[in-house]
Every structure is written in C-alpha cells, then in structure tokens.
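# Architecture at a glance
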Amino acid sequence: MRTVPADLVIVANRLPVDRVEQSDGTPGWRGSPGGLVTAIEPVMRANDGTWIGWPGGTETDLEPFEYDGMNLVPMTMSQSEIELFYEGFANGTIWPLYHDLVAKPEFHREWWDAYVAVNQRFAEKAASLANKGATVWVHDYQLQLVPQMLRELRPDLRIGFYLHIPFPPAELFQQLPWRRQILEGLLGADLVGFQLPGGAGNFVRLVRQRVGHKTHRDLVYLPDGRTVRAAAFPISIDAAGFEELAQSDAVAERATAIREALGNPRRIFLGIDRLDYTKGIYARLRAFSELIADGHLDVEDAVFVQVAVPSREQVEQYRILRDEIDRLVGRINGDLGRIGKPAISYLHSSYPREEMAALYRAADIMVVTPYRDGMNLVAKEYVACRFEDDGALVLSEFAGAADELRQAWLVNPYDINAMKSSMLEAYAADEKELTKRMRAMRKTIRQHDVAAWADSFMSELADVDNTHAKPVKPAKRS
Ligand code: GDG
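Residues numbered from 1 in each chain as written. Predicted model: local features only at pLDDT ≥ 70, side-chain atom pairs only at ≥ 80, totals over all residues. Heavy atoms only, no water.

To continue, consider the packing of aromatic side chains. Each aromatic ring pair is specified by the distance between its two centres and by the angle formed by the two planes. Tallying each qualifying case throughout the model produces 28 aromatic pairs. The interplanar angle of 90 degrees and the centroid separation of 6.2 Å between the aromatic rings of Y162 and F457 together place this pair among those described as edge-to-face. Taken as a pair, Y162 in strand β8 (residues 158-162) and F457 in helix α16 (residues 450-463) lie far apart in primary sequence, 295 residues in all. F457 sits in the buried class, given a relative accessible area of 0%. Through a chain of ring-to-ring contacts, three or more aromatic side chains come together here, namely F85, F89, W112, Y115 and W178. A cation over a ring is seen here: R14 above W54, with NZ or CZ 5.6 Å from the ring centre. Lying across the ring of Y221, K214 places its NZ or CZ 5.8 Å from the centre. (Phe/Tyr/Trp six-rings, centres within 6.5 Å; stacked < 30°, edge-to-face > 60°. Helix = DSSP H or I, 4+ residues; strand = E, 2+ residues; numbered from the N terminus. Buried < 20%, exposed > 50% of the residue type's maximum accessible area, 1.4 Å probe, protein only. Lys NZ or Arg CZ within 6 Å of the ring centre and 35° of its normal.)

Structure (structure tokens):
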C-alpha cells in the first residue's frame, strides 16, 4: 500500500486491529474497535490520517495496509522488546508507579534502555510519514519520550500527547530514576492532555520543581521560546452507539437469556474489568461474599457476575492475581453457594460488544471499584446502556469517572465495610431513587461523549501557538 505523507498521524502502542487466521488459512486482520478507534476514526477519515502502532506478536516484514478505510502502519517488536519494553518498563515500572503503587514498580536499567530504543523507533517512523506542518497525536504511557524525539527530528510538526492513565503526584513520580527524561520527553508536545485536572497539575508542578522551567497555571514556558499547555480532557464513550446497541432486539433477547440462565434472581450484580490488580476485583468479591455470609443477601435473590478479561498474562504479578481470584471464587462458591446457585458467576474471558451490552442490560447493580483508574469506561458504558433510567452504579472515588458520575454510590475501595454498605443500599434502593440518579448520570454522558472529547483535544491543539504547523480539519459528523 502507498505510504504517502499524512496531515494527521496517530501514534499509539497498539494498532486498532489484531492478527487473525482467515478461513483459507492465510493471515489477515480483524478490527479491535476500542474506545480510542471510535474517537479517532472520524478525524482520521476527515484528514486521510495514518495510524502507527504495534499489531501484537513478533511478526516482521509487515507492510502498511488499509483496514476499513484507515491507513495502518505496523511496527514490529522483537521478543526481547516485548519483555523489556512492553512487559518490563511500560507494565512493570510505569503502570504500577502511575497507579499509586498498588503494586511495587521495578526499576531496571535494561528495561529503560529498551523503552528509549522503542520510543525512538516510533518517533522515526512518525517523522518519516508526517507531511510538512502535519499534526501528530501520540498516545499513552508506553510512548512518553516520542514527543521530544519527534520534535528533534521534525520541528515543523504540531504534536499532541494524551495520557490515558493517571499522572501521579510528585511524591511518587520522583522515585523514578529517569524522571527528568520522562518530563522532558512529554515537553516535546505542544499540548499534553490528561484525564483529570489533578494529573495536569501534578505534571506542571513537577516540571517547575524538577526541570526548572517557568510555569503559569496550565502553561510551561521553555527556554527556546515554545510554550507547552497541560490540561485535562476526560475521555468518554460513544454514548449514542452503546444506547442504540442496548435497545436492539438481539441484545434485549440476550439480556433476558442471561437472567434466565442465572435463575432469574431478584438482583444481578456485575463487574467487568481487565484482570488487573488496579481494578480492585478481589476486595469487591470479598465484600459481596460477606454480605451473603452475614445474612444481608441470599444466593436465592442475588448473584455476582464477574467478567475478568485476560490481560498481560506473561507478567508475573498478573499470573499471581489470577490464581488469587480463582482461589477466592472457589472458596466463596464452595462455602456459600447451593446447587445451581453459585454466589459468584466468574468468567475469565473476553466477549463481543453485543454481549457486553447484554450484560449491562441484564445487570441491576454495576460494581466498579478500582484502587486507581485513569477514567474507567466500563462505568460510563453501563450508564449509556440504561436507557430506561434504571440500574445502580457503585463506583470507586479513585476512578476518573467519579469526577463526572457524582450520582453513583461513591465508595472508598480500601474500605470493605463501606463497600458492603453501598452495595446493600444500591440493592435496596427504590425505583424513584434509581431513576433520579441514573437520569442525571445519563445526561452527563450524553453531553460529554467521545466525539466531544476528540474534538476538544484537536481544537485545543490547533489553537496552540505554533507558527510552523497547519491546522487539521475537524471531523465530518452528521
Ligand atoms: C485504560 C485506562 C481509561 C473490556 N472487556 C471487553 C471489552 N472491554 C472494553 C470495555 C471498555 C474498555 O475495554 C476498558 O476500558 P477501561 O476504561 O474500563 O479500562 P482500561 O482497559 O484499563 O483502559 C482507563 C481507558 O484506558 C481509556 O482512556 O478509562 O482508566 O486504565 O471500553 O468495554 N470490550 C469487548 N469485549 C470484552 O471482553 N468488546
């Protein structure tokens, strides 16, 4: 396929497709439409943009290709890069450090070296594909050095960076042996976007204290005369798309079938998370089991469906977590379940979007209790699917989504008794109470959907005073 220079280049660790075997046995691609693709697709199309990323695996010689009208450029990754860069520095150092040290981050110089090398390769690829004065939007914690590396290669570009996970306070960040390099890496961007104002504030404060640049509110003044803006852009979902899916006949039928398969209990509790130690799955299941053991709930009336989507299975901490949760679920069901009535229905698997919507529709109480989460889209998707203004959301105060979804039952996930009380309140809430809360949350989600998120980031980026670059066209929306 052609790789003509593009006016808009998206740089993310992953491409929005997975490698699959086609019916004739040859390898092909299947879209993995996450929130990011939905958000970025319209602006990609309007600008005939190009997306650079890793397709997973260790295949080499992959050529750029077109998928569903998007120009995709695959980056290769060697086995040792997967181990040192991806599982190592990205998921063994940055991920736990940025999530409040929920797990202990490891600092290894060879992991850092691989991080630098992979970031450099991504920056070089973006530099080779971007038109003169183009806009490049770099995503997430795996690629924090790309903005600066890219600016060195191509000072004519307009560069945006968005961090999907929290940006930690100075007390934690300064443990990082390479703290200054990361801050300088991000400062290569014209606009650095965070989920919440707190993350943007942490970043600006660290830049002032650690790098010594002058700052004023959300602006950083660099010695070369450039300014960098750091601001919050809370990410969201395709609210209308989820609502439409939830209203479809197929999803309605499937939701009824799910309830029936669970024995039509009075209330279904639901958790859906990547199997990650930040998500608080263990404590939430314990809280639910104690409600049964204490006699507040009965397995005849209530069941907890927990979907744990396999994630980062090569990383030791994730394997340990899986074993711990397997053991806990086995113990709870062994102690508290009855024949045909487990307390917890546990699924270690991933599902198509339709099945997710059916689960959201079937569930009366959604329980989202991460210890720390950039945003948490699952909470927003549940709200979007409750088109009858019913259902309850129990939500951790430490998820970014709690800033907007104020009418949820907000809980401290470290406080098991508080989680028990909130789950019980949500269980017992009357229709009027549920409607009042859900209606308010749905209004918020409709107004702040993913299209609004992408538009506001792109327009702020276009407004940045960068005299070399040309503006990007807004997405064409109906
Ligand atoms: C990171 C940050 C931030 C999950 N299982 C299946 C499936 N999913 C979809 C959900 C949701 C997405 O994956 C998960 O997003 P979350 O926000 O809940 O969590 P992370 O994966 O940790 O995401 C987070 C996010 O980035 C965006 O900035 O909110 O804080 O940690 O959309 O629906 N989708 C399908 N099958 C599954 O089995 N189809």
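Here the narrative resumes, following the displayed structure.
Here we come to helix α9 (residues 249-261). When the terminal C-alpha atoms of α9 are compared, their 18 Å separation across 13 residues agrees well with the 18 Å that a helix rising 1.5 Å per residue should span. Within the sequence span of α9, burial applies to V251, A255, I258 and R259. Down the axis of α9, the smallest arc covering the buried residues is 95 degrees, so these residues share one side. The outward face of α9, more than 90 degrees from its buried face, is lined by the exposed residues D249, A250, E253, E260 and A261. (Expected span 1.5 Å × (residues − 1). Arc of directions from axis to C-beta.)

Pairing is parallel in the open sheet, where six strands are placed in the order β15-β14-β13-β16-β17-β18. Two strands close off the open sheet at either side, each with one partner strand: β15 (344-347) and β18 (409-411). Looking at each pair of strands side by side, their axes are set apart by 20 degrees on average, direction ignored. (Pairing = 2+ DSSP bridges. Axes fitted to C-alpha atoms, helices over the stretch in contact; angles between N-to-C directions.)

What follows is about unusual backbone geometry. At D61, a position not held by glycine, the phi torsion is positive, near 60 degrees. You can see D61 is positioned in the loop between β4 (50-54) and β5 (65-67). By relative accessible area, which is 69% here, D61 ends up exposed. At D100, a residue that is not glycine, the phi angle is positive and equals roughly 60 degrees. Within the secondary structure, D100 sits in the loop between α2 (79-98) and α3 (109-129).

Function cannot be read off these values alone, since they describe shape.
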